[in-house]
Amino acid sequence: MNVRCPACSKITRMPESEAGFPVVCVACGARYTVPRLRAVANTDPDSGGAAASEVGQRRSIWFRAAMVILLTLVGIGVVVGAVLTGRALSDARHPPVASVAARAGHALAPDPMQPTSAPVGRAIKVSSPYATSVATTQLTRPASRPSSAASTTGALPASRSTTQVAQSASTTQPRAIVSSNSKAAPIAKRPPIAPIQIHSTSLTDARIGESIKRGVDYLLGQFDPRTGLLESVATNPDSLAMGQDVLCVYALLQAGQAIDDPRLNPKEPLIKGMINAMKSLPLSTYHWETYSRALRATALAVYDRPEDRQILSTDAAALIRGSTQGGYTYTLRRTDRSGFSRWDNSNSQYGVLGVWSAAETGREVPDAYWAAVRNHWQQSQAANGQWDYYQGGTSGTHSMTCAGLASLFVAQDWLEPARFDGNVGREPFTPAIAAGLKWLEHGDNCINLDHGPYDLYGLERVGLASGFKYFGTHDWYRELAASTIDLQFGDGHWEGQPVAPGGDGFGFGPMGRLPRFMASNGPIVDTAYDLLFLARGRHPILMNKLRFDGFWANRPRDLANLARFASRQLERPLNWQAVSLENDWTDWMDSPILYLASHQKLVFSQKEYDKIRSFVQNGGLLFTQADGDSKPFNEFAAHLAQTLFPSYELQNLPDNHLLYSTMFKLSPIPGLKYVSNGSRILMLHSSADLSRYWEIRDDRNKPMPFQFGANLFIYAAGKRDLRNRLVSDYIPKVTAAPTAVFPVARLSYAGNWDPEPAAWERFSRWFQLNTGYGLQIKTIPLRDLRPGDVPFAALTGTARYDLTDDESAAVRAYVDAGGVLLIDTAGGTGPFAQGLQSALFYKVFSDRSSRLITPAHPLLTPTNKGMEDLYHPRLRLFAVDTLGARADFPEELRSGRGHVIFTSLDLTTGLLGTQTWGILGYDPGYAQSLVKNAILWTWDGQRDE
């Protein structure tokens, strides 16, 4: 039949079997789908109208009937042959060729012994899976990507089937190739799979999540489902029981933001009923009013539901009125009976916490209140930097020191915008905060708790407010989370140290004579506080701010306020951290972004440069900013980029870069510079002081800097599956000896052959952890690749590269001798794939053809130990958004005893484990498994279908 191109009207003769399949016009290169038979007949000027159409249909029917009969006979012959030779048929997991081809979008191949006219420009030669002699067939398949997806992605590399230029019949004659039953000899029989077990008692994010869930189960069991209140409230309805109820509801709401538990959804009846019951409690009629009102305001602020705002505002107003010059006592009265003004620092801490929670939801709080709070804590600080419980204390306690620091950070957050003058070269903390932090960072002070879980929650508030990952040498969250989980009882509850004699039952400190049963916090209160500590500290880290000798924090509250904005927009709590340049770069991997800002020209040692480079090479992104629009720091940033990444240029970020629209479409666009490896941004620099607006919380009048910060995080972290605090993409070196070693070559050439230097090193560690086998990775120049050097070689890049004659000959000889060559495009968006496709398929292997690997191919199935079932390819979310949910498998080209495995999608960046937005590729987990399967499949002899 004749088919007319809808773009240029070129008429091409094609067999009727091509109806419904996509083709490429030989004249103009346009992609279109061959019309069905009725439509084709009407467009054929030589068809003779309706009569020709009927003849064509009758011929088609007879042709198809003959094909069915012929294929049936061939199938019977294959089965009989297999039985006679003792060959086992494929098991139920490997469907027959026809069904596999149908699932993969292929047309069923005709009998290999029958001559067929090849569709122009779309011939794909494969051997029959059941043939025992050399044979060639024609297999047709649709384009590997929908044309609509290809047209929207600009530089997106197309598969060979959609870009192959039609050739004349004289240049596309079928040639005999090696039968698919031939295979390369196994390198050496590999030993059994022996995954390396990680010690089960080590602290992991999964253990934290499980501990939180068990604690939640325990607390939920203490509530009466009919009333939504703690059972103790019914038996002892005083303010102590009511305060404990409020504390538990608050802990459950925070836990609901740290784990996926439908029971904790505030829209569901269970937790909704608890919130409503808590709101109905008469907290002003009993003794512990300050604690109870403050905790209720804090609990209601977690989700800030419209129906809760009236009670939240009422509690906040009572707390503001009930303060005594920034301090508080148990009841919201200014004086005792004698007229003497009283306060204690435990009540004072919670009073400020309640007002702060209301302010975070938008309630107006007078600046005079925050000034009074600041003055109270500054005046009550002891000379050694600590705080005591009592008025006039001269030494201090750990718990009250945490209370003082947390309260001063809150006051600074709300007073800073009013007094911010934009100056640089100032100390990051007020003298009172600096003195308290100095005491906390000394020796083991930070981990020597003196008031159990109540104290633990106070320390957590200081850690999150300051951003400090370490206090001194202690990674406070990791260390204390591990000990907390170890102290958990089997039913999920905690019961920490008893309070000192005279404790108040909340763990808030001495208050006089109390009933004997209140001598300790008890399991309910301790469990609530431990849950708060674990849940609030578990959240993802927005950015790590680099702390170094010099002015590293001209804007000390910038990331705290940006995290607040991003948390609200993403509806997911985010924390931030300050990390030290003195620590190893692996310690910075809690977050995908390292933030470096100052106004000075910095001087780093070579070791410090190496740390920053290693962080970036292992998947991180470096963001630098010139505080105060500093020219010296801009000069330093240019020097830093050249020192870290000499192969790449610091250049202007294009106005259409996706960073400007990952979440918000930015307007105006900030003038940014960047360094890219062709796959992802390595370094981003702002010569303008964007963080000054973060510092003063001005997201209403200046939304763009905040929106940029949120976009930057989404670009670096991805739009879903945000990793929690202790989840790192970094994999430490494996100390165990491998059970066997498999050699792998990374091929170098005169181009960007190594855009991700750490990818294969990380993958080798992951590979050994999952198999017990080691990888011996060596770099070999592409032109020097020799048959038998290594059984498996990997080739990647981002920019277009055309193979030289020497490199082409080396590749052909290597594959024909039994080598496996894996090729991908790092990042999935560069022109590397087009150049390699042209070189490989029209120069190196012009007498061979590729095909899509089918789902039943042994490379994608658990045919041997250690291999995974990769039947369903998984793409990154960005690739799904760009290409659609459908994903093709890589292409396979067989030549001699070896194979080429080719994909224009990214595998290399996936081996880093990073979820960087903008990568067109397989999901990192799938990419790792696919490369692992390819290596084991090569090791076992490259068995074909």
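Residues numbered from 1 in each chain as written. Predicted model: local features only at pLDDT ≥ 70, side-chain atom pairs only at ≥ 80, totals over all residues. Heavy atoms only, no water.

Asker: Would you mind showing me how to read the overall build of the chain here?
Answerer: When helices and strands are tallied, the chain shows 28 helices and 24 strands. Counting across all 945 residues of the chain, residues that qualify as buried make up 57%. By sequence separation, contacts in the chain at least 24 residues apart represent 75% of the contacts at least 6 residues apart. If you sum the accessible surface of the chain, you get close to 38100 Å²; carbon and sulfur atoms cover 53% of it. (Helix = DSSP H or I, 4+ residues; strand = E, 2+ residues; numbered from the N terminus. Buried < 20%, exposed > 50% of the residue type's maximum accessible area, 1.4 Å probe, protein only. Contact = heavy atoms within 4.5 Å. Areas by Shrake-Rupley, 256 points an atom, 1.4 Å probe, with all protein chains shown as cover.)

Asker: How should the packing of aromatic side chains be read in this particular structure?
Answerer: Given two aromatic rings, one states the distance between the centres and the angle between the planes to describe the pair. Applying the stated criterion across every chain, the model contains 38 aromatic pairs. Ring plane angle 85° and centroid distance 6.0 Å describe the contact between W476 and Y477, whose orientation is recorded as edge-to-face. Each member of the pair, W476 as well as Y477, is classed as buried. An aromatic cluster of three or more residues is present, and its members are F409, F429, F468, F471, W476, Y477 and F533. Lying across the ring of Y693, R692 places its NZ or CZ 5.9 Å from the centre. (Phe/Tyr/Trp six-rings, centres within 6.5 Å; stacked < 30°, edge-to-face > 60°. Lys NZ or Arg CZ within 6 Å of the ring centre and 35° of its normal.)

Asker: Looking at this model, I keep getting lost on the confidence of the model for the chain. Mind explaining?
Answerer: The predicted coordinates ought not to be read in detail in places where the model reports low pLDDT. Chain-level pLDDT for the chain is 81 on average; 77% of the residues reach the 70-or-more range. The model gives residues 38-63 a pLDDT under 50, and that stretch makes 18 contacts with residues more than four places away or in other chains. In this model residues 78-185 is a low-confidence stretch, pLDDT under 50, and it forms 210 contacts with partners more than four residues away in sequence or in other chains. (pLDDT = per-residue confidence, 0-100.)

Asker: Explanation requested: the nonpolar core in the structure shown.
Answerer: Judged by nonpolar contacts, the single largest core of 216 residues is most densely connected at I212, L596, L684, F708, W760 and I935. Each residue touching I212, except ones within four places of it in the same chain, is listed here: A255, A258, I259, L531, L534, A535 and R538. By size, the runner-up hydrophobic cluster in this structure holds 28 residues, among which are F832, A839, L840 and V844. (Core = buried A, V, L, I, M, F, W, Y, C linked by side-chain atoms within 4.5 Å.)

Asker: Is there a simple way to explain the sheet that holds strand β22 (residues 850-852) in this structure?
Answerer: Neighbouring strands of a sheet are bound in pairs by backbone hydrogen bonds; such pairs are parallel or else antiparallel. Sheet architecture is open: 7 strands sit in the order β19-β18-β20-β21-β24-β23-β22, paired in mixed fashion. Of all the strands in the sheet, the pair left with one neighbour each is β19 (774-781) and β22. For this sheet, the mean inter-axis angle between neighbouring strands, taken without regard to orientation, is 25°. The pairing of strand β23 (residues 891-895) with strand β24 (residues 898-902) spans 5 bridges and is antiparallel. Bridge assignment links E891 to a residue of β24, and that residue is F902. Most of the contacts of helix α24 (residues 759-771) go to β19, to which it runs at about 155°, and overall it touches β18 (741-748), β19 and β20 (792-795). (Pairing = 2+ DSSP bridges. Axes fitted to C-alpha atoms, helices over the stretch in contact; angles between N-to-C directions.)

Asker: Please clarify how the pairing of β19 should be interpreted in this entry.
Answerer: Every other side chain in a regular strand lies on the same face of the sheet, so the side chains alternate between the two faces. In terms of strand pairing, β18 meets β19 through 8 bridges, oriented parallel. Its bridge partner being in β19, P743 is matched across the sheet by Q776. Viewed along the sheet, the connection from β18 through α24 into β19 turns out right-handed. (Right-handed = clockwise from strand over helix to strand, strands pointing away.)

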